[in-house]
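# Report on the structure
Next come the chains, spelled out residue by residue.
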Amino acid sequence: MSDEYGVYYRAGVAEREMARARSLLLWRIGSLGLSVAITAAVWWAWPGEFGQWAPWILGTSLAIGLVTVVVGVVRLVRVRADADAARSGLAIGLNRDGMLVGQHWLPWPEVGAVVVRPGALGASTALVATGRDSATVRVPLDYTDTMPATLDTAVRVLSSGRAWLDLSRLD
């Protein structure tokens, strides 16, 4: 495909996000362990003053810590999924005949919808292209070298107004 407009994955972004998510999870696990250890030590050292409240403090620390660890695991899983999808090279290619999203070619008459969905819990903002046959393809935009509005302009111009990006979910 001789693309007139190409969006490429940025090298190293996926690895940095994976490292950040992994270190955040390890920090949360360490924080949970330290919190439980300090509460247990205080309970053991001064059972008269904290004996009545220590189980509640320990339980609350465990509950909050486990919730943050679960959120960290979910974040790591979502970042890993996006990083696996963000291989080096061309992410989105556009020309006057259609668009290549990931490895899926869509001629302009076959493009049903192109939506940009915001990321949550570690997931990247994603471009989701849906063909008229209801097949969807997803590209993590945070790992590419373009902004959604720039991509929208290129899609509108190269499709001669037949397709555009739905950016309403980013508001």
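Bear in mind that the values here come from a model prediction, so they are computed numbers and not experimental data. (Residues numbered from 1 in each chain as written. Predicted model: local features only at pLDDT ≥ 70, side-chain atom pairs only at ≥ 80, totals over all residues. Heavy atoms only, no water.)

## Re the overall build of the protein
Defined as follows: Helix and strand labels come from DSSP, where a helix needs a run of H or I of at least four residues and a strand needs a run of E of at least two; each type is numbered from the N terminus. Two things to know: the radius of gyration comes from C-alpha atoms, and the globule rule equals 2.2 Å times the number of residues to the power 0.38. When a residue's accessible area, from a 1.4 Å probe over protein chains only, is under 20% of the maximum for its type it is buried; when over 50% it is exposed; and in between it is partly exposed. Computed with a 1.4 Å probe, the accessible areas rest on the Shrake-Rupley method; for each residue, only the protein chains presented here act as cover. Residues counted as positive are Lys and Arg, residues counted as negative are Asp and Glu, and His and the chain ends are not counted. Think of each charge as sitting on NZ of Lys, CZ of Arg, CG of Asp or CD of Glu.
Per the secondary structure count, the protein includes four helices and eight strands. Moving toward the C terminus, one meets the helices and strands of the protein in the order β-α-α-α-β-β-β-β-β-β-α-β. The C-alpha atoms of the protein give 23 Å as radius of gyration, which overshoots the globular expectation for 171 residues (16 Å, by more than 25%). Overall, the C-alpha framework of the protein stretches about 80 × 30 × 25 Å when taken along its three principal axes. Looking at the protein residue by residue over its 171 residues, the buried ones come to 37%. Total accessible area computed for the protein in this model is approximately 9900 Å², and 61% of it derives from carbon and sulfur atoms. Measuring between centres, the 16 positive side-chain charges of the protein sit 3 Å from its 15 negative side-chain charges.

## Re the sheet that holds strand 1 (residues 5-8)
This is how the line gets drawn: Only when DSSP finds a minimum of two bridges between them are two strands counted as paired. Angles run from 0 to 180 degrees between N-to-C directions of axes, and those axes are lines fitted to C-alpha atoms, restricted for helices to the stretch in contact.
Spatially, four strands are ordered 1-2-3-4 in an open sheet, and the strand pairing comes out antiparallel. Strands with a single pairing partner mark the edges of an open sheet, and in this sheet they are strand 1 and strand 4 (104-107). When strand polarity is set aside, the average angle formed by the axes of neighbouring strands in this sheet is 10 degrees.

## Digging into the environment of Trp43
What counts is decided by this rule: For this analysis, residues touch if any pair of their heavy atoms sits within 4.5 Å.
With respect to the helices, strands and loops of the structure, Trp43 is situated in helix 1 (residues 13-45). Residue Trp43 is classed as partly exposed on the basis of its relative accessible area, which comes to 32%. If near-sequence neighbours (up to four positions away) are discounted, Trp43 is found in contact with Phe50, Gly51, Ala54, Pro55 and Leu58.

## Observations regarding the sheet that holds strand 7 (residues 136-140)
On the basis of which strands lie adjacent, the open sheet formed by four strands has the order 7-6-5-8 and mixed pairing. Of all the strands in the sheet, the pair left with one neighbour each is strand 7 and strand 8 (165-166). Across six bridges, strand 5 (residues 111-117) lies against strand 6 (residues 126-131) in antiparallel orientation. What sits directly across from Val111, in strand 6, is Gly131.

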